[in-house]
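Descriptive analysis of the structure
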Amino acid sequence: MTAIMSDHRPCPPEAPGMEARVISGSQPGTVRVLVSGEIDFDNATLLGEVLLAALASHRATLLVDLEQVTFCDCAGLNTLLTARRAALRAGRGLHVTAAGCLVERLLNLTDTRSLLT
C-alpha cells in the first residue's frame, strides 16, 4: 500500500493490491482519502492506519472515495466502521462519497450504507 500524506510523514509499509492517498478536500473542513485496488484481511489494518492518521492530522471530515476499489471483504468493512466510530468520537464524520459496484453490494448486503453516507 502506498499512502501519500500531505504533512510529509513517512508512508506506512506497502501492502499488495491496495493504494490509499490522502488529499485536500474540495470543501473547507474536509479531507479526501482515495482508495484503489483490493481491501482485504491482509491490508485492512494499514487502511485503518491511513484513515486514523488523516483524521488526527487534518482534524477534518473524511470523504472516502472507494470507486476504484475492486474488492472489499468484511475486514475492510470493519476498518471503515471502526474509523467512522473514531471520527464520531472526535466530533467529525467519515463518509463514503463514491463506491464501485462490489463495494456498494457489500454495503447494501450488510445494511451499513446508511452509516457511511
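Just so it is clear, the structure is predicted and the values come from calculations on it, not from any experiment.

For R59, which is not glycine, the phi dihedral falls at a positive 45°. Summarising the element assignment, R59 is placed in the loop between helix 1 (44–58) and strand 4 (61–72).

Here we come to the confidence of the model for the chain. Predicted coordinates in areas of low pLDDT are best not read in detail. The pLDDT averaged across the chain works out to 88; a share of 86% of its residues lies at or above 70. By mean pLDDT, the top-scoring element of the chain is helix 2 (residues 74–89) (97), and the lowest-scoring one is strand 1 (residues 3–4) (46). Taken as a whole, residues 1–14 scores under 50 in pLDDT and shows 35 contacts with residues more than four places along the chain or in a different chain.

Let us look at the pattern of salt bridges. Side-chain pairs of opposite charge can arise whenever the charged atoms involved come near each other. Going through the model one piece at a time under the given rule, you end up with 2 salt bridges. A salt bridge links D65 to R32, with the shortest nitrogen-to-oxygen separation between them at 3.3 Å. Remark: R32 occurs in strand 3 (residues 30–39) and D65 occurs in strand 4; sequence separation between them is 33 residues. Looking at D65, the relative accessible area reads 12%, which means it is buried. Classification of R32 by relative accessible area gives partly exposed; the value is 26%. For the salt bridge of R113 with E104, the shortest nitrogen-to-oxygen distance reads 3.0 Å.

Parameters at a glance
Residues numbered from 1 in each chain as written. Predicted model: local features only at pLDDT ≥ 70, side-chain atom pairs only at ≥ 80, totals over all residues. Heavy atoms only, no water. Helix = DSSP H or I, 4+ residues; strand = E, 2+ residues; numbered from the N terminus. pLDDT = per-residue confidence, 0-100. Contact = heavy atoms within 4.5 Å. Salt bridge = Lys/Arg side-chain N within 4 Å of Asp/Glu carboxyl O. Buried < 20%, exposed > 50% of the residue type's maximum accessible area, 1.4 Å probe, protein only.

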